[in-house]
Each structure stands twice: as structure tokens, then as C-alpha cells.
Amino acid sequence: MPRDTLTADRIVREAIELLDDEGLDGLNMRSLAKRLGSAATAVYWHIKTKDELVRLASDAIWHEVELPDLDTTDWRTAATAHATGMHAMLTRHPWLGQAFGSHLLHGPGQARHNDLSLGIYEKAGFAAADADRAAATVLTFVLGSTLGPAAQVSLNRRLSKNGADAEQLMADAMTRATETARQFPRLRERLNTTAATEYAAAPDDTFAFGLQSLLDGFEARLTTDSAARRE
């Protein structure tokens, strides 16, 4: 494919798909060029380095998260929608969490969300410094909540290499983990009762539970601070 048919946007879109399929370790200009039907030198004509490509791909996926309208939405609804949107995006693109720890990431896509986060918590009633802290706390919680799914994707990819049966390997590991868990009273109780099914399904609700607990804490702090100012 001739070089002039390539654009930076097209390269970034293909890079996102490659990152979703192969993770950060699987991204290289040769593999990307093959997917584009081009030569690696043509890719370098548009985007000079792998680090720059990761930065651009990372910033692009922030645009997948819809921004709530702060003029028509109360702060808790906006905070819930924004955090849930970030969580969904990070789950779709599990490599982004890893990229935060290995690349210098910045750009307008990420910046517009940082700006919105501050707006949400300023609307709630936090002073500027505490709005910063509240936004950082929620982002840290969202990132932490996606570590499990991201690790699962990475583990599946590693276990599947060289034709191995990843599903069987995980089933065998789960059997051994269950045997270990039975040595501990609370874990054994959950495994030996009808609560086991509910216990296994609990992680599906953990994010929503944790987020609402955080927002409850913010609301309580705002109420306490407001009462203190009136005294």
C-alpha cells in the first residue's frame, strides 16, 4: 500500500486494535505495518516512535468516555456516570492501565476528563484543593478496579502461547486454589454453603459498591464541613 494512503489517525486506530489483541508487549512497528498492509518505514513517516504511538493511542481512547453535562446533572449522578464510563473504557482496553506505569501519557482526550473531574467535585462543594483530591481518589479507585480484568486478559494471552489450553490450566489452578481456601474458616464457609454462588458473583458488583461508598464518604465530608462553617 503506498505511503500516501496512510494517515496518523488510521495508524492510531490500527494500533489500538493491535494493543487490544496483543497488549503493550505485542506492539511493534513491524507488526503494525503488516496489519496496515504497509512498510514499517511508511509508519515512521507519520509517527516517529513507539512511545509516541502509545501516547496517541492512549489519548484517543479517552474520547470513548461520554462526558456528563454538569449544567443539567447533579454531581453524584455525574460522578457515577463518569467513573463508570472510565471503568468500562479501561476494561475494553486493559493495556492502558499498564501504559500509565511505563509511558508518559498526555493529550487533549485525557485532559478534558481531568478538567471534567475537577468540575464534578467543585460542583459538589469541594474547595479547589479537595476537588483535586476527590478526583484523584476516584481515578485511583477506577484504575485499581480494572487491574483484575486486565490481569486476566494478560494471563490468558500468556497461558495460550505455544498452543496451550489456557482454560484447562486455569481450571486446574482454580481447583488447587479452592483446596487451599478450604483451610481458612471464612473461605471454607462460603465454599461449603449455598452462599458460594453469591460469593463467586460478588466481584461483578464490587465496582458499583465501592464507587457509591466513596461518594457517600464525600457527601458526608461535605455535610460535616458545611456544618462546621456554620458554627
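Look up a bit, the structure's there.
On a predicted model such as this, the values are computed, not experimentally measured, just so you know.

Comments concerning the nonpolar core
Soluble, globular proteins show a tendency: their nonpolar side chains are buried together. Core analysis: the largest hydrophobic core is formed by 48 residues, its most contacted members being Leu-32, Leu-53, Trp-75, Trp-95, Leu-96 and Tyr-121. With 7 residues, the single largest contributor to this core is helix α5 (residues 75-92). The residues touching Leu-53, leaving out its near neighbours within four places in the chain, are Ile-11, Val-12, Ala-15, Leu-27, Met-29, Leu-32 and Ile-47.

Here's the deal with the pattern of salt bridges
Under the defined criterion, the tally for this structure stands at 8 salt bridges. In this structure, the salt-bridge partner of Arg-76 is Asp-216, at a minimum N-O distance of 2.8 Å. Of the two residues, Arg-76 sits in helix α5 while Asp-216 sits in helix α13 (residues 203-230), which places them 140 residues apart along the sequence.

Let's talk about helix α1 (residues 8-22)
Between its terminal C-alpha atoms α1 stretches 20 Å, which fits the 21 Å expected from 15 residues at 1.5 Å a residue. Of all the positions in α1, only Ile-11, Val-12, Glu-14, Ala-15, Ile-16, Leu-18 and Leu-19 are classed as buried.

Looking at the packing of aromatic side chains
Both the distance between ring centres and the angle between the ring planes are used here to describe each pair of aromatic rings. By the definition in use, this model includes 4 aromatic pairs. Their ring planes at 80° and their centres at 5.7 Å tell us that Tyr-121 and Phe-218 sit as a pair that is edge-to-face. A residue pair is termed long-range when its members are at least 10 positions apart, and Tyr-121 in helix α7 (residues 108-124) and Phe-218 in helix α13 qualify at 97 residues. Side by side, Tyr-121 and Phe-218 carry an identical accessibility label, which is buried. On the basis of an interplanar angle of 90° and a centroid distance of 5.7 Å, the ring pair of Phe-126 and Phe-218 is categorised as edge-to-face. Separated by 92 residues along the polypeptide, Phe-126 in the loop between α7 and α8 (128-145) and Phe-218 in helix α13 bring together distant segments of the chain. We classify Phe-126 as buried; its relative accessible area is 7%. Grouped by ring-pair contacts, the aromatic residues Trp-75, Tyr-121, Phe-126 and Phe-218 constitute a single cluster.

Some thoughts on α5
Relative to the 26 Å expected for 18 residues at 1.5 Å per residue, α5 spans 26 Å between its end C-alpha atoms, a close match to the ideal helical length. Those residues of α5 that fall on the buried side of the exposure criterion are Trp-75, Arg-76, Ala-78, Ala-79, His-82, Ala-83, Met-86, His-87, Met-89 and Leu-90. The arc that holds the buried residues of α5, viewed along the axis, is 165°, so those residues lie on one side. For α5, the N-terminal capping position is held by Asp-74, with its side-chain oxygen 3.2 Å away from the main-chain nitrogen of Arg-76.

What counts and how
- Residues numbered from 1 in each chain as written.
- Predicted model: local features only at pLDDT ≥ 70, side-chain atom pairs only at ≥ 80, totals over all residues.
- Heavy atoms only, no water.
- Core = buried A, V, L, I, M, F, W, Y, C linked by side-chain atoms within 4.5 Å.
- Buried < 20%, exposed > 50% of the residue type's maximum accessible area, 1.4 Å probe, protein only.
- Helix = DSSP H or I, 4+ residues; strand = E, 2+ residues; numbered from the N terminus.
- Contact = heavy atoms within 4.5 Å.
- Salt bridge = Lys/Arg side-chain N within 4 Å of Asp/Glu carboxyl O.
- Expected span 1.5 Å × (residues − 1).
- Phe/Tyr/Trp six-rings, centres within 6.5 Å; stacked < 30°, edge-to-face > 60°.
- Arc of directions from axis to C-beta.
- Polar contact = N/O pair within 3.5 Å; in protein donor to acceptor, adjacent residues only side chain to side chain.

Don't take any of this as a statement about function, it's just geometry.
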